[in-house]
Amino acid sequence: VLGAYKDPVAFPFFHPGVARSIVEESRLFSQSVWEEGPYLDELFTSRTAWLDSHMEELYGVDAGSAGEGDWQPAELPPEHGGLLGRAAFIGALTNFNAASAPHRGHLTARRALCHPLGLAADDLELSPLVLSTEEGSTPYDILQGHATETVCHSCHSLMDPIGLALESYDAPGRWRDAYGSGTE
């Protein structure tokens, strides 16, 4: 997350101070899970958090922080519970200006679920693959092309559903009910 760059036009609130707060919030969360358990279920379900002003804005929670670095205990909304709902995890699995369901799915399968997935071969011929690019297409619509191509389906049948399950988060890790285009 510290080396991640997000589009300043699409995400004007994201800057190096926010990235540092994301990393620290993740560290404090992990430390609390370890000290209170350690229980694996808490790692994936706990809504306990420590927030400074940057994280309050990102998660939409008022913990009473006086500013950057003033960490206050809080309970996050259900959509941000556990490791998979935290900005440190979500934001690290995205591109410069958008979330990517296959990318998020691939990294989640490898890093969180320990499922060995490789990368597509450099010489893979993608020209016959047709992905929807119509105005208003959702990531689900776009990824339907993976289901019809055998060479793609072998990996994307695992990656895409995981990535699509995380599509309610934008690139920095905020919850969203619709895309910037207004599609849900």
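### Regarding the overall build of the chain
Across its full length, the chain carries 7 helices and 2 strands. For the chain, the succession of helices and strands along the chain, N to C, is α-α-β-α-β-α-α-α-α. A burial count over the chain gives 41% of its 184 residues as buried. Considering only contacts in the chain between residues 6 or more positions apart, those separated by 24 or more positions represent 58%. Carbon and sulfur atoms make up 55% of the accessible area of the chain, which amounts to about 10100 Å² in all.

### Observations concerning the confidence of the model for the chain
For the chain, the average pLDDT comes to 83, and 89% of its residues sit at 70 or higher. Model confidence for the chain, summarised as mean pLDDT per element, is weakest for helix H6 (residues 139-148) at 77 and strongest for strand S2 (residues 72-75) at 96.

### Thoughts on the packing of aromatic side chains
Evaluation of the coordinates by the stated rule reveals 1 aromatic pair. Measuring from centroid to centroid gives 5.2 Å for Tyr169 and Trp175, while their planes differ by 85 degrees, and the two rings are edge-to-face. Taking relative accessible area as the criterion, Tyr169 reaches 6% and is therefore assigned buried.

### Side note on the pattern of salt bridges
If you walk through the whole model with that rule in mind, you get 6 salt bridges. Note that Glu24 and Arg27 form a salt bridge whose closest N and O atoms lie 2.7 Å from each other. Of this pair, Glu24 and Arg27 both sit in helix H1 (residues 16-36), 3 residues apart, roughly one helical turn. The exposure class of Arg27 is partly exposed, given its relative accessible area of 42%. For Asp170, the salt bridge identified is with Arg174, shortest N-O distance 2.9 Å. On the basis of relative accessibility, which here comes to 7%, the residue Asp170 falls in the buried class.

### As for helix H7 (residues 150-165)
With 16 residues, H7 extends 22 Å between its outermost C-alpha atoms, agreeing within 8% with the 22 Å of an ideal straight helix rising 1.5 Å per residue. Its maximal kink placed at His156, H7 deviates by approximately 55 degrees. Residues of H7 that are buried: Cys152, His156, Met159, Asp160, Ile162 and Gly163. Where H7 is buried, its residues touch helix H5 (101-111) and H6.

Here is what the cut-offs are and how they apply
Residues numbered from 1 in each chain as written. Predicted model: local features only at pLDDT ≥ 70, side-chain atom pairs only at ≥ 80, totals over all residues. Heavy atoms only, no water. Helix = DSSP H or I, 4+ residues; strand = E, 2+ residues; numbered from the N terminus. Buried < 20%, exposed > 50% of the residue type's maximum accessible area, 1.4 Å probe, protein only. Contact = heavy atoms within 4.5 Å. Areas by Shrake-Rupley, 256 points an atom, 1.4 Å probe, with all protein chains shown as cover. pLDDT = per-residue confidence, 0-100. Phe/Tyr/Trp six-rings, centres within 6.5 Å; stacked < 30°, edge-to-face > 60°. Salt bridge = Lys/Arg side-chain N within 4 Å of Asp/Glu carboxyl O. Expected span 1.5 Å × (residues − 1). Bend = angle between axes of the 7 residues up to and from the residue.

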